[in-house]
Structure formats: structure tokens, C-alpha cells
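Architecture and fold: a report
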Amino acid sequence: MSGAVETARLMDAVYRRQRHIYDVTRKYYLLGRDHLIRELKPPHGGDVLELGCGTGRNLIAAARLYPDARFYGLDISRHMLETAEKNIANAGLSGRITLIEGDAANPSATEGLGVSAFDRVFYSYTLSMIPIWREALQAGSARLKEGGRIHVVDFGQQQGLPRWFARLLFSWLKSFHVTPRAKLENELEALAAASGCRLRFRHLYRGYADYAELTRT
């Protein structure tokens, strides 16, 4: 069985029931998502891709904020995509948001969208759930236009928070197969150097979350 198939089955198993309460519960601890959306600022008529779009929450918020852009979402979980499709339809945004099932670590997974390259690619609390997360970053970079940007927000290493809090959080996240990436900044630095990008990296909320932008110059 391929790694992508194993990951798809795992994500479907984890979120088969959770998807129905995902957005209600996650808003309390997936901090920085709205900061990322405000920083997207796609060009007029631009194409924006979310790798690991989950329930479609971020795509809906971004589509409302940027009415002149087109949005695309990819997720490996069929259950999550079913929920995203319903949420997007209920928001009246089916004409502006397109979804596709696929592996975020596969650069060819978005070919079915009919878009050769994107002005913005973003990952919101996704890399901590993807086993081959470095490959997922590289896949996003491969689909980025000249002058485009990659945006990332995910769990940080809790540097400015009490150690007991970090231990409890990491233990709890592990039960959901979530692993905050201690080497995220290093990997982004390497990707920036290899792809001719400029990196901006910040710790948010005393290190609770990490936020990054990679700009292709």
C-alpha cells in the first residue's frame, strides 16, 4: 500500500466524525489562521491554492475577503472534502472555490484543476499532519508563480509558554496524529535558498504558532 493511500485512510478514520464539529472546536486553538488569510492579498484575478483544505473554512473566509480572486483546495480525505463541498455550497461560493482530492506532497496532484501555477499557495495547520511534510512544501513551491508567495501557519514549539503547557499540548496533539515541526524554519530556509525565494518567519502568540511567508522573486 502506498504512503498516500495509508495517509488518506488515516485521515478519513480520524475525521470521519470529527469533521462535523471540527470548525466549532478548532477555532479555540488553531490560532493565526485569520492572520494568514489577511496577509494573502492575492492580485486581482489571482489564483489561490490551499493544500490540506479540510472543511473549507479558510477558503470560504478568504473568498469573502478577496472577491476578485479564484480559490482552489486540495485534501487527501474524501470525508473532509464532502464536508467542505457542503460548507462552500451553503456559503454560496461554489462558483469561486474548486476542490480536488489528492496528496499535498504530490506536485502533480493539482493538475486536474487546470491551473499551471498559483499566485498564492498556503498551508494552515497542515504540515504538522502530513508525514512527508517536506515533500508537501516542495510540491507547493513547484506550483508557485514568479512573484508568488507561499504562506504557512502551524503549531510552534511553545518557546515563550510554560513547559507544562507545551508537554500537555504535544501529548494531546499526538492523539490526533499531529506533530509540530521543530525543523520548520530550517526547512523553509533551505527551500528559500533552493528556489530563489525570500523568507519571512515569525513566532506568534509567544511561540504557540509559527507563521512564514516565502516570496518568489
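What counts as what
Residues numbered from 1 in each chain as written. Predicted model: local features only at pLDDT ≥ 70, side-chain atom pairs only at ≥ 80, totals over all residues. Heavy atoms only, no water. Helix = DSSP H or I, 4+ residues; strand = E, 2+ residues; numbered from the N terminus. Buried < 20%, exposed > 50% of the residue type's maximum accessible area, 1.4 Å probe, protein only. Contact = heavy atoms within 4.5 Å. Areas by Shrake-Rupley, 256 points an atom, 1.4 Å probe, with all protein chains shown as cover. Axes fitted to C-alpha atoms, helices over the stretch in contact; angles between N-to-C directions. Parallel < 35°, antiparallel > 145°, perpendicular 65-115°, else oblique. Left-handed = near helix turned anticlockwise from the far one by under 90°. Nonpolar A, V, L, I, M, F, W, Y, C, P; charged D, E, K, R; others polar. Polar contact = N/O pair within 3.5 Å; in protein donor to acceptor, adjacent residues only side chain to side chain. Pairing = 2+ DSSP bridges.

A count of helices and strands for the protein gives 8 helices and 7 strands. In the protein, which comprises 217 residues, the share counted as buried stands at 55%. Sequence-distant contacts in the protein: of pairs separated by 6 or more residues, those separated by 24 or more amount to 72%. By element, 52% of the accessible surface of the protein is carried by carbon and sulfur atoms, the whole surface being about 10200 Å².

The subject of this paragraph is the packing of helix H3 (residues 33–40) against helix H4 (residues 57–65). Contact pair H3 / H4: the axes reach a minimum separation of 10 Å and the direction vectors enclose 40 degrees. By the angle class used here, H3 and H4 are oblique. As H3 packs across H4, the resulting crossing turns out to be right-handed. From H3, Arg33, Asp34, Ile37, Arg38 and Leu40 reach across to H4, where they touch Arg57, Asn58, Ala61, Ala62 and Leu65. Here the residues of the contact of H3 with H4 are counted per class, giving 5 nonpolar, 1 polar and 4 charged.

Turning next to the environment of arginine 57. Tracing the backbone through its elements, the reader meets arginine 57 in helix H4. With 30 residues separating them in the primary sequence, arginine 57 and asparagine 87 have C-alpha atoms 7.8 Å apart. At a separation of 2.9 Å, a polar atom in the side chain of arginine 57 contacts the side chain of aspartate 34.

Pairing analysis gives 8 bridges linking strand E6 (residues 197–204) to strand E7 (residues 209–216), with the strands arranged antiparallel. In the sheet register, arginine 202 faces E7, and the bridge partner there is tyrosine 211. Counting the residues in the hairpin turn of E6 and E7 gives 4 residues, including tyrosine 205, whose phi is positive at 55 degrees.

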